[in-house]
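Single-letter residue listing:
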Amino acid sequence: MNSESMGNTLNYANKVILAPMVRIGTLPNRLLALHYGADIVYGEELIDYKMLQCKRVENDILNTVDFVLENGQPVFRTCAKEKDKLVFQMGTSDPQRALQVAKLVEKDVAGIDVNMGCPKEFSIKGGMGAALLTKPDKIKDILTTLVNGVSKPVTCKIRILPKVEETIALAKLIQSTGVAAVAVHGRLREERPRHHVNCDIIKAVAESLSIPVIANGGSDEYLNCYEDIEKFKLLTGSSSVMIAREAQWNMSIFRKDGLLPEDDICKAYLKYAVDYDNPYTNSKYCLQQVLHKNMESSQGHALRRAESAKDVCAIWGMEEYWQEVQSKQQRSKEYFER
Ligand code: FNR
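In this report, we go over the structure that sits alongside the text. Quick caveat, the model's predicted, so the values are computed rather than measured. (Residues numbered from 1 in each chain as written. Predicted model: local features only at pLDDT ≥ 70, side-chain atom pairs only at ≥ 80, totals over all residues. Heavy atoms only, no water.)

## Thoughts on the packing of aromatic side chains
Defined as follows: Each aromatic pair joins two rings of Phe, Tyr and Trp (for Trp, the six-membered one) with centres within 6.5 Å, and gets the label stacked for planes under 30 degrees apart, edge-to-face for over 60, and tilted for any other angle. Working definition: helices are DSSP H or I runs of at least four residues, strands are E runs of at least two. Numbering for both runs from the N terminus. Three exposure classes are used, based on accessible area relative to the maximum for each residue type with a 1.4 Å probe and protein chains only: buried under 20%, partly exposed in between, and exposed over 50%. Charge over a ring is defined by NZ of Lys or CZ of Arg lying within 6 Å of the ring centre and within 35 degrees of the ring normal.
Applying the stated criterion across every chain yields a total of 4 aromatic pairs. Ring plane angle 70° and centroid distance 5.0 Å describe the contact between Phe 76 and Phe 88, whose orientation is recorded as edge-to-face. Of this pair, Phe 76 sits in strand S6 (residues 74-79) while Phe 88 sits in strand S7 (residues 86-91), placing them 12 residues apart in sequence. There is no split in this pair, since Phe 76 and Phe 88 are both buried. In textbook terms, an aromatic cluster arises when at least three aromatic residues are bridged by ring pairs, as seen for Phe 67, Phe 76 and Phe 88. Looking at Arg 23, its charged tip hangs above the ring of Tyr 285, at a distance of 3.9 Å from the centre.

And the structure:
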């Protein structure tokens, strides 16, 4: 369905958005971002092939919808709280696989996104991510198939090309497929986060399109607190702003009333991680990013040593909370198994 013909759907204009981030953009962090004020949250990139091995399961114990592999391992977990704000991002190089994945998750998410910016070898070799940037016909095929085939708005996230005119031409081609918005990471495929983000090219794209442009790439250099979001938006002439690294370090960047201390972030994060039975290895990784500059503190050392969810919770004095939720989940499990 063309996004313009849809009524009550996700609108990407004038929004502050949690960027897709592998391992970081899992359910607890997405809920935390929404809690602090993000308008839209993107999930981590999930590869089409892997998603197509999953089946959809309603998890009555956690009140979640899980997409699980045959061995029972959840690949993607979501819940009703984020349903209207969640964008599912996939890595794909094929229109039909992309459509199958979109159909699989369609009723549990608010939007579908295609990653066209990932520069990692794994993506490029598979013809995914930034490999798509030089394949306009493939881009057109994938996006048109999705726009025509799913009932939710479709977007994509690109990087800039070496020349401004090329980037504008690519963005116009993307717009012509009927997508609802496009996220532009203002760096070239070969550039790393230490390189300057090119705000001028994002701005030129934003001025050339009629759909919302979501500016991305400003963490650290331009985005350090909530007030910076509006400044970055003005600087890039964009409708919306998408934040990655600054959010992985401190999710309260989305909070109008200002940044919160690291300890508060860790506790709030852990509450969601416990409630939704997040794998402790993933929680550990996410918390390490919050402590990033303080990994040599006693908490950092304890986090490195942690070997279970209970160990991780104990670092922030949340062992009791963990125990309580575990017992509750166990009782529900017994109830559903009766
Ligand atoms: C990313 N990025 C990324 N991009 C994407 O489209 N899909 C993904 O799954 C990921 N994964 C990912 C993981 C981690 C840990 C980081 C730091 C980044 C890129 C990200 O969305 C964003 O484009 C860049 O980080 C630039 O934005 P910031 O960090 O300057 O706000």
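## Describing the site of the ligand
Let me state the cut-off plainly: In these notes, residues near a molecule or strand are those with any non-hydrogen atom within 4 Å of it. Any pair of nitrogen or oxygen atoms within 3.5 Å is treated as a polar contact; in protein, a donor-acceptor pairing is required on top of that, and neighbouring residues in sequence qualify only through side-chain atoms on both sides. Throughout, the Shrake-Rupley method with a 1.4 Å probe supplies accessible areas, and for residues the shown protein chains are the sole cover considered. A pocket, in this scheme, is an open set of points on a 1 Å grid over the protein atoms alone with protein on both sides within 12 Å along at least 5 of 7 lines, while a cavity is a set where a 1.4 Å probe fits but cannot get out; residues line either one if an atom lies within 4 Å of a point. Whether a molecule lies in a cavity or pocket depends on its atoms, and more than half of them have to be within 2 Å of the grid points. Gly is put with the polar residues, along with every residue not named as nonpolar or charged; the nonpolar set is Ala, Val, Leu, Ile, Met, Phe, Trp, Tyr, Cys and Pro, and the charged set is Asp, Glu, Lys and Arg.
Around the ligand lies a shell of 17 residues, among which Gln 89, Lys 157, Asn 216, Ser 219 and Arg 245 are the nearest. Take Gly 217: an N or O atom from its main chain is 3.2 Å from an oxygen atom of the ligand. At a separation of 2.9 Å, an oxygen atom of the ligand approaches a polar backbone atom of Ala 244. Across the complex, the protein chains shield 85% of the 600 Å² of accessible surface that the ligand would expose by itself. Counting atoms within 2 Å of the grid points, the majority share of the ligand lands in the largest pocket. Looking at side-chain class alone, the shell around the ligand contains 6 nonpolar, 8 polar and 3 charged residues.

## Focus: the side chain of Asn 59
As a reminder of what qualifies: Contacts are assigned to residue pairs with any non-hydrogen atoms lying within 4.5 Å of each other.
Assignment of secondary structure puts Asn 59 in strand S4 (residues 55-59). Of note is the side chain of Asn 59, whose polar atom sits 3.0 Å from the backbone nitrogen of Leu 62. Ignoring anything within four residues of it in the chain, the contact list for Asn 59 reads Thr 64, Asp 66 and Arg 77.

## Brief notes about the pairing of S7
Definition in use: Here, strands pair whenever DSSP counts at least two bridges between them.
With 6 of 6 residues buried, S7 is to be regarded as a mostly interior element. Burial of S7 is two-sided: the residues Leu 86, Phe 88 and Met 90 facing one way and the residues Val 87, Gln 89 and Gly 91 facing the other way are all buried. In this structure, strand S2 (residues 40-42) lies alongside S7, joined through 2 bridges in parallel fashion. Across the sheet, Tyr 42 pairs through a bridge with Val 87, a residue of S7. As paired strands, strand S3 (residues 46-47) and S7 are joined by 2 bridges and run parallel to one another. Paired with Leu 46 across the strands is Met 90, a residue of S7.

## Considerations on the environment of Leu 32
With respect to the helices and strands, the residue Leu 32 is situated in helix H1 (residues 27-36). Among the residues examined, Leu 32 registers a relative accessible area of 0% and is labelled buried. Placed 247 residues apart in sequence, Leu 32 and Pro 279 show a C-alpha to C-alpha distance of 16 Å. Dropping the residues within four chain positions of it, Leu 32 is found in contact with Met 251, Ile 265, Ala 268, Tyr 269 and Tyr 272.

## So, the pairing of strand S5 (residues 64-68)
Burial analysis of S5 places 5 of its 5 residues in the buried class, which makes it a mostly covered element. Residues Thr 64, Asp 66 and Val 68 of S5 are buried on one face, and the alternating residues Val 65 and Phe 67, pointing to the opposite face, are buried as well. Where S4 and S5 come together, 5 bridges link them in antiparallel fashion. By the bridge assignment for S5, Glu 58 is matched with Val 65. Linking S4 to S5, which pair antiparallel, is a turn of 4 residues; within it Asn 63 sits at a positive phi near 60°. Two strands pair when backbone bridges link them, and S5 and S6 are joined in this way by 5 bridges, in the antiparallel orientation. Within the sheet, the bridge partner assigned to Thr 64 lies in S6 and is Cys 79. In this antiparallel pair of consecutive strands, S5 and S6, the connection spans 5 residues, and Gly 72 shows a positive phi of 95°.

## Quick word on the nonpolar core
The nonpolar side chains of a soluble globular protein tend to be buried, and buried together. Convention followed: For our purposes a nonpolar core is just a set of buried Ala, Val, Leu, Ile, Met, Phe, Trp, Tyr and Cys residues, chained together by side-chain atoms within 4.5 Å.
Counting 113 residues, the largest nonpolar core has Phe 88, Phe 254 and Trp 316 as its most contacted members. With 8 residues, helix H10 (residues 262-275) is the single largest residue contributor to this core. In this view, Trp 316 contacts Asp 263, Cys 266, Lys 267, Leu 270, Leu 287, Leu 291, Gln 299 and Leu 303; residues no more than four positions away in its chain are not counted.

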